Amino acid sequence: TTAEKEARIWAIKEKLGEKLFIPGHHYQRDEVIQFADVTGDSLQLAQLAAENKKAEFIVFCGVHFMAETADMLTEDNQQVLLPDLKAGCSMADMANIDQTEKAWSQLKQLFGETMLPLTYVNSTAAIKAFCGKYGGATVTSSNAQKMVQWAFTQKERLLFLPDQHLGRNTAYDLGIPLEQMVVWDPIQEQLVNEFNTPLEEVKVILWKGHCSVHEKFTTSHIEQLRKNEPETKVIVHPECTHEVVRQADLNGSTHYIIETIKNAEKGTSWAIGTEMNLVQRLAKTYSDLSIVSLNPTMCACLTMNRIDLDHLLWSLEDLMEGKLRHPITVDKEITKDACLALQRMLERP
Ligand code: 13P
Ligand code: SF4
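Residues numbered from 1 in each chain as written. Chains lettered and ligands numbered in written order. Predicted model: local features only at pLDDT ≥ 70, side-chain atom pairs only at ≥ 80, totals over all residues.

If you look the chain up in an unreviewed UniProt entry, it shows as Quinolinate synthase from Alkalihalobacillus alcalophilus ATCC 27647 = CGMCC 1.3604. The record held by UniProt for the chain lists under Function (unreviewed entry) the comment "Catalyzes the condensation of iminoaspartate with dihydroxyacetone phosphate to form quinolinate." (UniProt positions renumbered as here; feature names shortened; annotations may be inferred.)

Here it is as structure tokens:
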């Protein structure tokens, strides 16, 4: 039964004590998050992984790129495990290293040495290493503005991987007009220059990737809500499209959404555009507010949801028998370059 499984996990946690560390991303299921030693958004979890020197085993309740980051930021004697290897991220899969190398060499023919690569942490370790090697850095949705500002102190223009929406929304908020942004399509291997901008005026090259969860919130959801419930405030994650972010009342990272709801005035109504598990948890936690998902059909991240009670239990029980289930170990060379990109971000929190 569920209760038996839960009891087995609690017992293993108790037995392993500080040897075991379970970080949990805010989008994880409640059945998993109850066992997390810390919860956080991707920036917080990266920082916590870097700070933890005690745990021998880090059972990461999140998705593959987060486990890779944790592996790269921890010591060699600390082993990261991902309870289900199929817990990937469709956005991270939209940029592979071959496509990126190819894009870089084609873009260099157009823009010469004027570009700096920045990658959202929602990317493979190899893409982070690519950015590290060329002087760039990683960003998260919590620090994207700061990192984009920093990037412009280094070079004239940016290649922003792999989420076009976070890139566009961040650059726009910093005053860069949409006309100064172009899109790199990695499938067609070509630049999409919607506004026919002269190349010397281009400031940001956006990789054509997106989050399949956050793209499901649309302007018609907002219009519907404005008509039926004009009092309800709309708050969305910047992985949503530019139109949705512009029409929303507020936008920001997972951490920002949680803080806003935590500090909201009693009795106010909110429609939230982010992953379903978090929206439902906020609705339960803050029952003095009215909280709904901006998309009434709910938007779940299928890969985040792959980590469930069973997978967590299997991972921990194997560990007790001395077996490492789904260890995540990033190649040394890749780690070296990727850490340059991660450190450039972590040193400006
Ligand atoms: P943050 O945790 O940085 O808000 O990112 C959201 C997300 O989609 C994680 O996969
Ligand atoms: Fe990837 Fe989107 Fe899921 Fe985050 S919510 S893990 S970006 S698919």
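This part covers the overall build of the chain. In terms of regular secondary structure, the chain is built from 14 helices and 16 strands. Taking 349 residues into account, the globule formula puts the C-alpha radius of gyration at 20 Å, and the chain, at 21 Å, falls close to it. When its C-alpha atoms are laid out on the principal axes, the chain stretches across 65 × 55 × 35 Å. Within the chain, contacts between residues separated by at least 24 positions form 67% of all contacts whose residues are at least 6 apart in sequence. (Helix = DSSP H or I, 4+ residues; strand = E, 2+ residues; numbered from the N terminus. Rg over C-alpha atoms; globule rule 2.2 N^0.38 Å. Contact = placed C-beta atoms within 7 Å.)

A separate point is the nonpolar core. Formed by 102 residues in total, the largest nonpolar core has its most connected members in Phe60, Leu118, Leu158, Phe160, Ile205, Val236 and Ile272. Excluding anything up to four places from it in sequence, Leu158 contacts Met115, Leu116, Leu118, Val148, Ala151, Val204 and Ile205. (Core = buried A, V, L, I, M, F, W, Y, C linked by C-beta atoms within 7 Å. Buried ≥ 20, exposed ≤ 12 C-beta atoms within 10 Å, placed from the backbone.)

This part is about the pairing of strand E14 (residues 269-273). Summarising burial for E14: 4 of the 5 residues are buried, a large majority. Inspection of the sheet shows strand E12 (residues 233-236) paired to E14 by 4 bridges, in the parallel sense. Looking at E14, one finds that Val236 is bridged to Gly273. In this sheet, strand E15 (residues 290-293) lies alongside E14 in parallel orientation, the contact comprising 4 bridges. Counted as the bridge partner of Ala271 is Val292 from E15. Handedness of the crossover is the feature at issue here: the chain leaves E14, passes through helix H12 (residues 276-285), returns alongside E15, and the resulting connection is right-handed. (Pairing = 2+ DSSP bridges. Right-handed = clockwise from strand over helix to strand, strands pointing away.)

This paragraph deals with the domain arrangement of the chain. Domain annotation of the chain identifies domain 1 (2-88 + 304-332), domain 2 (92-207) and domain 3 (214-293). In this structure, domain 1 and domain 2 have C-alpha centres spaced 31 Å apart. Each side of the interface is counted separately: domain 1 has 10 residues, and domain 2 has 10 residues. The element that contributes the greatest number of residues to the side of domain 1 that touches domain 2 is helix H4 (residues 64-73), accounting for 4 residues. (Domains from an automatic or database assignment.)

All residues adjacent to ligand 1 are Asp41, Ser42, Leu43, Cys89, Asn122, Thr140, Ser141, Ser142, Cys211, Glu239, Ser253 and Thr254. Of the residues in the shell around ligand 1, the class split is 3 nonpolar, 7 polar and 2 charged. (Near = placed C-beta within 6 Å. Nonpolar A, V, L, I, M, F, W, Y, C, P; charged D, E, K, R; others polar.)

Right, let's get into the sheet that holds strand E11 (residues 204-207). Here we have 6 strands laid out as an open sheet, ordered E7-E6-E8-E11-E9-E10, and mixed in their pairing. The sheet is open, and its two edges are formed by strand E7 (137-139) and strand E10 (190-192), each paired on a single side. Averaged over neighbouring strand pairs, the angle between their axes works out to 30° when direction is ignored. In this sheet, E10 lies alongside strand E9 (residues 181-185) in antiparallel orientation, the contact comprising 3 bridges. Note that in E10 the partner of Trp184 across the bridge is Leu191. The strands touched by helix H6 (residues 125-133) within the sheet are strand E6 (115-120), E7 and strand E8 (157-161), with E6 carrying the most contacts at an inclination of about 150°. (Axes fitted to C-alpha atoms, helices over the stretch in contact; angles between N-to-C directions.)

It is at 7 Å that the axes of H6 and helix H14 (residues 332-346) come closest, and there the two elements cross at 65°. Judged by the inter-axis angle, H6 sits roughly perpendicular to H14. The two elements H6 and H14 cross, and the hand of that crossing is left-handed. Of the residues in H14, those touching H6 at Ala125, Ala126, Lys128, Ala129, Cys131, Gly132 and Lys133 are Ile334, Asp337, Ala338, Cys339, Leu340, Ala341 and Leu342. Within the contact of H6 with H14, the residues separate by chemical class into 10 nonpolar, 1 polar and 3 charged. (Parallel < 35°, antiparallel > 145°, perpendicular 65-115°, else oblique. Left-handed = near helix turned anticlockwise from the far one by under 90°.)

Let's shift gears to the UniProt feature "binding site: iminosuccinate" (unreviewed entry) in the chain. Mapped onto this numbering, the UniProt entry annotates "binding site: iminosuccinate" (unreviewed entry) at His25, Ser42, Tyr120, Val121, Asn122, Ser141, His237, Pro238, Glu239 and Thr254. Along the polypeptide, Ser42 turns up in helix H3 (residues 42-51). Classification of Ser42 as buried rests on a count of 25 C-beta atoms within 10 Å. Setting aside residues no more than four positions away along its own chain, Ser42 makes contact with His25, Met66, Val121 and Thr140. Tracing the chain through its elements places Glu239 in the loop between E12 and helix H10 (242-247). Residue class for Glu239 comes out buried when judged on the 29 C-beta atoms lying within 10 Å of it.

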